[in-house]
Amino acid sequence: MARLLIVSNRLPVSVRVDRGALCLTRSSGGLAAAMRGPHERMHAVWIGWPGSVAGLTPEQRRDADAALANIRAVPVHLSATEQHRFYDGFSNGVLWPLFHYLLDKVNLDAELDWEAYQRVNQRFADAVAERYTPGDAIWVHDYQLMLLPALLRRRLPGARIGFFLHVPFPSADVFRILPWREQIVRGLLGADLIGFHTAGYRRNFAASAAHVLGLDPDEAAIEHDGRRIALGVHPISIDAAEIGRLATHPAVREEAARLRADAGGRKIVLGIDRLDYTKGIPRRLLAIERFLEREPELRDQVRFIQLAVPTREKTGAYAEFRRVVHEMVGRINGQHGTTYATPIHYVHRSLPLEQVVALYVAADVMLVTPLRDGMNLVAKEYVAARVDDDGALILSEFAGAASELAEAIAVNPFDIGSVAAAVKRAITMPGAEQRTRMAALRRRVAAQDVHLWSQSFLDELERVAGPGPAVAATAAPAARREVPDSVVERVRQAPQRVWILDYDGTLVPFASVPDLAAPDEELLALLRTLSEHDRVHVVSGRRRADIERWFGALPLHLHAEHGFWSRPKTCDDWVPLESDAAGWKREVRAVLEDFTRRTPGSFIEEKTVTLAWHYRTVEPELAGEHVRALRARLAERVSAADLELLGGSKVLEIRPRGVHKGRVVPLILDDVSERAEVIAIGDDRTDEDIFAALPPSACTIHVGGNDQSLAAYRLPNPRAVRSLLRSIHA
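The helix and strand tally for the protein chain stands at 26 helices and 29 strands. For the protein chain, the spread of C-alpha atoms along the three principal axes comes to 105 × 65 × 45 Å. When the 730 residues of the protein chain are sorted by exposure, 55% land in the buried category. A separation threshold of at least 6 residues defines the contact pool for the protein chain, and within that pool the share at least 24 residues apart is 70%. If you average the places of the 92 positive and of the 95 negative side-chain charges in the protein chain, the two averages end up 4 Å apart.

Here it is in structure tokens:
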């Protein structure tokens, strides 16, 4: 029976020993709370770290594993060193501050931590693969496990894999400072679906993938290694019904009434945060101080309550941050307090959910001002607890929740003056306006709850994990495997060999400017040696002048401009495939020139019967936008003139229909013996026409990632192609 495998850094429970007895303590984090429903409803298996078990006896450890198994939890045990370097070192010393734009806190010299991050992700892959059965869905969570999707894809190629990022994904300009940026992006692209809280985070990831891997940016999906990875927007939420139920519970209402009475008729402005530097607590305290200075007549009418939940207490940076916050609270209270009241009531500990909800019920204003936050569920919990539709929410525009909670008072948390003004606006807001805003917020939070979040993600994963019927009917199969030794030996022993070789991306890597991809001396010598024994055809999309200049002195059969021009090795003259059919070029070129003027880094390449628009050096987001616009603008002209619009590697090419590389295959095979071994090697869409035109007996090889291809085999890059060519006559 197909199951759901939930994979996160931590299990939803921690193992500990209390007075000699083994205990499982439920975790209170947002991820644990959000996934508790799917874990229980779907009888899912949860894989993660159970906390340190170093202090347990062997018998207690066996008992702990058995207790975890009873709740369908699978522990991934880590040593203290592994946990420190993987979690504190890389996850929270590199990725956490980077993803929250706090670049001064990012450790960019974390090689040992990076190595631990890789090892721990591999350990998680081992645990998942060991428990996976065909049909299971795998849902990986958060920034600690960003390598895991690709590790699982290599081991479980047919698995349905989803990944959800619970923190922001930063802009491409910020993400690209990471030394390990390529590995992180490739790790995520092993998933079938990558989920984000907001469209902005999704857009940032697509742009980062475009910059880092040279992929064409698309906010809905990314094509990579022959797979289509969906990018989804799924804002996480809360169990609104449960929060609402607690808000009406008599004991909670009684505690809220006590809090109000203790405030002595003053308005309560509440902040609840983990004591983390991303939450903006120091700037919030400065905004409170500014309010107290600006509004002396309101000073005695407001009580600020700040609940600071301890987090990462053993980390040095957090200890220093805690000291700064405590000193600020003391200074402001000392300066603005009176003999009968202090303006800020500061609590540094965690509280049970019932007491937290009582604070929500008691508070007139909720102050949520993180510098960056993936979502911020406190804002949604406050809304859900306001069952009387009163109260006001002040919300940072840099929290993911701001994209949903439009009726909140939006503030820039870096602007302490505007936050102070928002506090005044909130505490003086008329009741009718409060009810209008809060009723709309409550409806939205109730409708978009955590149960809908989890189900919508799993529904999308089910929808995208395999090719749809239309795609399955038209897409070519992926190139299957690298060339096996048996095939290499067969080619080596053949009495005659015919090579059909593409150039760019096959014999040489792509270059930012086409003229920089000239053949090196090693390649020229290799082709000369090969041509002494075999027939060698170079079939390129390049202009015949380029091919003649580079290879004209070698005994090769040359084919330029996708086979429109051919020059046998025994001849000095180039022969066209057909008469010039380029009357359409003037009008199309005018369109290309218009786009070139508006697209810095692009240029036009004109060949005899084709036009190509290159955009390899164009900024990826601009390239994606203009490629889509250019395709739309040319669509009618292409159809009317019987042309083809062909997308290649950072190039759009327009050519007459029927002019393609496959047209030269009959010429190449015209006088070839049936015993000859024909080997065709190419890297992009134009080479698929050659593969399609060859008989099944031919050895066809696709170069590059595991892209969709008709080729039987694959090689990873031009270096591997050269190695194969050398091995034949070694």
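Helix length check: helix 17 (residues 450-464) (15 residues) gives 21 Å between terminal C-alpha atoms against 21 Å at 1.5 Å per residue, within 8%. Considering only its buried residues, helix 17 is in contact with strand 1 (4-10), helix 1 (30-41), strand 6 (137-141), strand 7 (160-164), strand 8 (193-196) and strand 10 (227-233).

When two helices pack together, their arrangement is captured by the angle between the axes and the distance separating the axes. At a minimum axis distance of 9 Å, the contact between helix 1 and helix 17 shows a crossing angle of 65 degrees. Note that helix 1 runs across helix 17; the crossing there is right-handed. Contacts between helix 1 and helix 17 involve Ala34, Met35, Pro38 and Arg41 on the former and, on the latter, Val450, His451, Trp453 and Ser454. Considered class by class, the residues forming the contact of helix 1 with helix 17 number five nonpolar, two polar and one charged.

The strand order 23-24-26-25 describes an open sheet built from four strands, whose pairing is antiparallel. Unpaired on one side and paired on the other, strand 23 (603-606) and strand 25 (643-648) mark the two borders of the sheet. Neighbouring strand axes in the sheet, compared pairwise and without regard to direction, differ in orientation by 20 degrees on average. Relative to strand 24 (residues 611-614), strand 23 runs antiparallel, the two sharing four bridges. What sits directly across from Ile604, in strand 24, is Trp613.

Once that is clear, we can look at the sheet that holds strand 14 (residues 365-368). With respect to topology, six strands assemble into an open sheet ordered 13-12-11-14-15-16, the strand pairing being parallel. Edge strands, defined here as strands with exactly one partner in the open sheet, are strand 13 (344-347) and strand 16 (409-411). Each strand of the sheet is rotated relative to its neighbour by a mean of 20 degrees, with strand direction disregarded. In this structure, strand 12 (residues 302-309) lies alongside strand 13, joined through four bridges in parallel fashion.

Turning our attention to the confidence of the model for the protein chain. For the protein chain, the mean per-residue pLDDT works out to 91, and 96% of the residues sit at or above 70. This stretch, residues 467-479, has a pLDDT under 50; its non-local contacts, to residues over four places away or in other chains, come to 19 contacts.

What counts and what doesn't
Residues numbered from 1 in each chain as written. Predicted model: local features only at pLDDT ≥ 70, side-chain atom pairs only at ≥ 80, totals over all residues. Heavy atoms only, no water. Helix = DSSP H or I, 4+ residues; strand = E, 2+ residues; numbered from the N terminus. Buried < 20%, exposed > 50% of the residue type's maximum accessible area, 1.4 Å probe, protein only. Contact = heavy atoms within 4.5 Å. Lys, Arg positive; Asp, Glu negative; His and termini not counted. Charge placed at Lys NZ, Arg CZ, Asp CG, Glu CD. Expected span 1.5 Å × (residues − 1). Axes fitted to C-alpha atoms, helices over the stretch in contact; angles between N-to-C directions. Left-handed = near helix turned anticlockwise from the far one by under 90°. Nonpolar A, V, L, I, M, F, W, Y, C, P; charged D, E, K, R; others polar. Pairing = 2+ DSSP bridges. pLDDT = per-residue confidence, 0-100.

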